[in-house]
Amino acid sequence: MNNHKKKLEIIPFGGVGEFGMNMMGFRLGEEMIVLDAGMMFPDESLMGVDVVIPDLSFFEAYATQVKAILITHVHEDHIGSLPFLLKVSPAPVYATRFTLAVAEHKLREHGMLDSVDLHPVEPGDRLSIGPFQVEFIRAAHSTIDCIALAITTPFGTLIHATDFKLDESPIIGDPTDLARLKEIAREGVLALLCDSTNVERKGRTPSERAVIPAFEKIFENSPGRLIFTCFGSSIHRIQIILEMAYEFQCQVALVGQTLVRMVETASREGYLNVPDDLLITPAQVGHTPRKSLVMI
């Protein structure tokens with residue numbers, strides 16, 4: 001059967017009209033790719049529930065149709081249910097280097113790392129996956145190493161913009177590749193799928209660099225130790241804090257398993273620059289002068 005006679009289906013399994021569980025399927029005939037595999041944290045009505053994942057019963061019936069799983073970035077609402085999806089549909093996984101490194105931790109916890117087919121990609125890479133031609137496009141965000149996707153089908157090109165931030169000077173990495181998106185737009189786009197929080201609000205989110213002057217004042221005027229809170233995946237923000245702590249001759253203690261793992265991974269993969277002898281353990285906090293202590 002010719003591909004043009006097949007039906008192109010865009011199937012949201014989660015993340016539409018809700019915060020979390022982002023997962024989108026694209027099916028042409030009997031071949032399918034899945035973009036993201038997210039989870040959602042439960043609200044107070046779900047007592048005893050640790051995480052909420054999309055309904056995966058569809059994949060139990062059509063597991064062999066899934067030719068690839070593409071992960072756009074490391075936020076839990078986009079990657080948190082990956083191990084559960086792979087248990088049902090063990091397809092190859094494609095993502096950028098940092099995203100894959102974080103995924104490996106999750107898969108190791110589930111005892112699945114050795115059985116999963118992981119493929120690193122870079123912005124600008126193009127792949128043929130079944131009837132789909134997939135191009136990975138740089139997307140800036142509050143975390144690092146994110147991608148948007150252009151998916152070309154016999155019916156036209158789909159843009160899956162995922163979460164993004166139009167930060168022209170991100171702390172780590174390059175800005176969102178608007179030039180490439182414009183090129184694709186001129187060629188014609190069948191559908192734009194846009195999934196970024198607050199995208200319907202007017203205005204523009206400031207660059208991450210906008211917090212630096214306020215942070216400098218805090219470091220200059222603080223009479224004691226400083227305590228910052230942020231998501232473990234906020235590598236841009238963490239880099240700012242580390243550099244400022246080093247400038248003001250402070251030492252930094254990382255508190256929290258997820259935060260420590262993210263910092264170690266980002267540092268090992270070459271994204272995060274951690275000055276020598278800057279970090280101390282939480283056990284050393286009590287032996288560090290308060291004026292010289294930063295906790296994240």
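Above this text sits the structure in question.
Novice: An account of the sheet that holds strand β13 (residues 251-253) is needed here, citing residue identities and associated values.
Specialist: With respect to topology, 4 strands assemble into an open sheet ordered β12-β15-β13-β14, the strand pairing being parallel. The two strands at the open ends of the sheet, each matched to only one other strand, are β12 (226-227) and β14 (279-280). Pairing analysis gives 3 bridges linking β13 to strand β15 (residues 293-295), with the strands arranged parallel. When the bridges of β15 are listed, Gln251 appears paired with Leu293.

Novice: Mind laying out the layout of surface pockets, listing which residues take part and the relevant values?
Specialist: One number sums up the size of the second largest pocket: a volume of about 250 Å³. Contributing to the lining of the second largest pocket are 15 residues, with Ile159, Ala161, Phe164, Leu181 and Leu192 lying nearest its centre. Elements that contribute at least two residues to the lining of the second largest pocket include exactly β10 (156-162), α5 (178-187) and β11 (191-194). If one sorts the elements of the lining of the second largest pocket by residue count, α5 sits on top with 4 residues.

Novice: I'd love a proper account of the side chain of Thr288, names of residues and values included.
Specialist: Along the chain, Thr288 turns up in the loop between β14 and β15. For Thr288, the side chain forms a polar contact with the main-chain oxygen of Gln284, separated by 2.9 Å. In contact with Thr288, not counting residues within four places along its chain, are Gln251, Ile280 and Leu293.

Novice: A description of the packing of helix α4 (residues 97-109) against helix α8 (residues 257-268) should follow, citing residues and the corresponding values.
Specialist: Each pair of packed helices can be described by the angle between their axes along with the distance between the axes. It is the contact of α4 with α8, at a shortest axis distance of 10 Å, that shows an interaxial angle of 135°. Overall, the two elements α4 and α8 adopt an arrangement that is oblique. Here the hand of the crossing between α4 and α8 comes out right-handed. Residues Phe98, Ala101, Val102, His105 and Glu109 of α4 pack against Arg261, Met262, Thr265, Ala266 and Arg268 of α8. Broken down by class, the residue content of the contact of α4 with α8 amounts to 5 nonpolar, 2 polar and 3 charged.

Rules behind the numbers
- Residues numbered from 1 in each chain as written.
- Predicted model: local features only at pLDDT ≥ 70, side-chain atom pairs only at ≥ 80, totals over all residues.
- Heavy atoms only, no water.
- Pairing = 2+ DSSP bridges.
- Helix = DSSP H or I, 4+ residues; strand = E, 2+ residues; numbered from the N terminus.
- 1 Å grid on protein atoms, 1.4 Å probe; cavity = no way out; pocket = protein on both sides within 12 Å on 5 of 7 lines; lining within 4 Å.
- Points joined across faces, edges and corners; volume = space filled by probe spheres on them.
- Polar contact = N/O pair within 3.5 Å; in protein donor to acceptor, adjacent residues only side chain to side chain.
- Contact = heavy atoms within 4.5 Å.
- Axes fitted to C-alpha atoms, helices over the stretch in contact; angles between N-to-C directions.
- Parallel < 35°, antiparallel > 145°, perpendicular 65-115°, else oblique.
- Left-handed = near helix turned anticlockwise from the far one by under 90°.
- Nonpolar A, V, L, I, M, F, W, Y, C, P; charged D, E, K, R; others polar.

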